[in-house]
Amino acid sequence: AQSVTQLGSHVSVSEGALVLLRCNYSSSVPPYLFWYVQYPNQGLQLLLKYTSAATLVKGINGFEAEFKKSETSFHLTKPSAHMSDAAEYFCAVRGGSTLGRLYFGRGTQLTVWP
Amino acid sequence: DSGVTQTPKHLITATGQRVTLRCSPRSGDLSVYWYQQSLDQGLQFLIQYYNGEERAKGNILERFSAQQFPDLHSELNLSSLELGDSALYFCASSGTSGAATDTQYFGPGTRLTVL
């Protein structure tokens with residue numbers, strides 16, 4: 001079975017500061033991992049995905065994530081936060097016999113202070 | 001804009017009623033997924049259809065059903081509604097039946113409020 005844990009339901013940073021959103025996964029098979037962002041009153045937008053091609057994955061809007069098998073982690077980072085990054089971020093995992101379904105974490109609300 | 005459309009955007013109804021949510025996938029996508037987002041349960045997978053056939057079932061209640069039509073649009077039917085069914089319902093589409101690397105594109109959601 002697959003599952004995802006996002007540590008910290010709320011993260012606050014100042015504009016220009018490093019963004020670090022944590023995601024740990026559990027999977028009995030090689031996982032495929034995703035980060036989605038949800039802006040207020042909108043659907044989910046894919047930020048990036050790990051598909052085993054490279055452990056460091058670069059996504060849109062300056063975000064990147066590193067897959068660490070030994071730590072079962074896939075943390076999302078951005079060197080310098082911007083006000084427009086304020087949103088809710090979801091980590092998701094999929095793999096094995098579960099076909100296409102995604103298992104989502106509970107989400108992390110990112111607040112960016114001016 | 002993901003290319004996935006959902007209607008209606010908002011739906012307010014009473015307990016015991018039945019509603020239908022509609023989803024049109026991105027052009028060319030054969031798979032449609034339905035997810036429910038609530039404060040209690042977070043984002044939960046409900047059901048997947050691929051080219052008209054049911055492919056996978058998640059935590060979908062027996063009061064809920066779905067189908068995918070020949071033109072590939074999908075409908076999620078919710079009946080005997082309860083207060084706890086109030087949630088945001090998302091539809092997502094993808095190009096394959098479930099390749100692990102496949103990207104799912106999400107629609108803007110339908111917010112259902114049951115009074």
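None of these values were measured; they are calculated from a predicted model.

Caption draft 1: Representation of the overall build of chain B. Assigned secondary structure in chain B consists of zero helices and eleven strands. Beginning at the N terminus, the succession of helices and strands in chain B can be written as β-β-β-β-β-β-β-β-β-β-β. Against the globule reference of 13 Å for 115 residues, chain B gives a C-alpha radius of gyration of 13 Å, in line with a compact fold. For chain B, the C-alpha atoms occupy an extent of roughly 40 × 25 × 25 Å along the three principal directions. Across the 115 residues that make up chain B, the buried fraction comes to 50%. A fraction of 55% describes how many contacts in chain B between residues 6 or more apart in sequence connect residues 24 or more apart. Accessible surface for chain B amounts to roughly 5,300 Å². Of this, 47% is attributable to carbon and sulfur atoms. Each charge sign in chain B was given a centre, from 8 positive and 11 negative side chains, and these centres are 3 Å apart.

Caption draft 2: Summary view of the interface of chain A and chain B. At the junction of the two partners, chain A supplies 18 residues and chain B supplies 27 residues. Of the roughly 1,800 Å² buried at the junction of chain A and chain B (both faces included), carbon and sulfur atoms supply 53%. Linking chain A with chain B are seven residue pairs in polar contact (both at pLDDT 80 or more). Of all the secondary-structure elements, those providing two or more residues to the side of chain A that touches chain B are strand S4 (32-38), strand S5 (44-50) and strand S9 (87-94) of chain A. Of the residues that constitute the side of chain A that touches chain B, the class distribution is nine nonpolar, five polar and four charged.

Caption draft 3: Highlighting the sheet that holds strand S1 (residues 3-7) of chain A. All names here are of chain A. Taken in spatial order, the five strands make up an open sheet running S1-S3-S8-S7-S6, and their pairing is antiparallel. At either margin of the open sheet sits one strand with a lone partner, and together these are S1 and strand S6 (56-58). Neighbour-to-neighbour, the strand axes of this sheet turn through a mean angle of 20 degrees, independent of strand direction. Sheet topology places strand S3 (residues 19-26) next to strand S8 (residues 73-78); four bridges connect them, and they run antiparallel. Its bridge partner lying in S8, Val-19 is registered against Lys-78.

Here is what the cut-offs are and how they apply
- Residues numbered from 1 in each chain as written.
- Chains lettered and ligands numbered in written order.
- Predicted model: local features only at pLDDT ≥ 70, side-chain atom pairs only at ≥ 80, totals over all residues.
- Heavy atoms only, no water.
- Helix = DSSP H or I, 4+ residues; strand = E, 2+ residues; numbered from the N terminus.
- Rg over C-alpha atoms; globule rule 2.2 N^0.38 Å.
- Buried < 20%, exposed > 50% of the residue type's maximum accessible area, 1.4 Å probe, protein only.
- Contact = heavy atoms within 4.5 Å.
- Areas by Shrake-Rupley, 256 points an atom, 1.4 Å probe, with all protein chains shown as cover.
- Lys, Arg positive; Asp, Glu negative; His and termini not counted.
- Charge placed at Lys NZ, Arg CZ, Asp CG, Glu CD.
- Buried area = accessible area lost by both parts, 1.4 Å probe.
- Polar contact = N/O pair within 3.5 Å; in protein donor to acceptor, adjacent residues only side chain to side chain.
- Nonpolar A, V, L, I, M, F, W, Y, C, P; charged D, E, K, R; others polar.
- Pairing = 2+ DSSP bridges.
- Axes fitted to C-alpha atoms, helices over the stretch in contact; angles between N-to-C directions.

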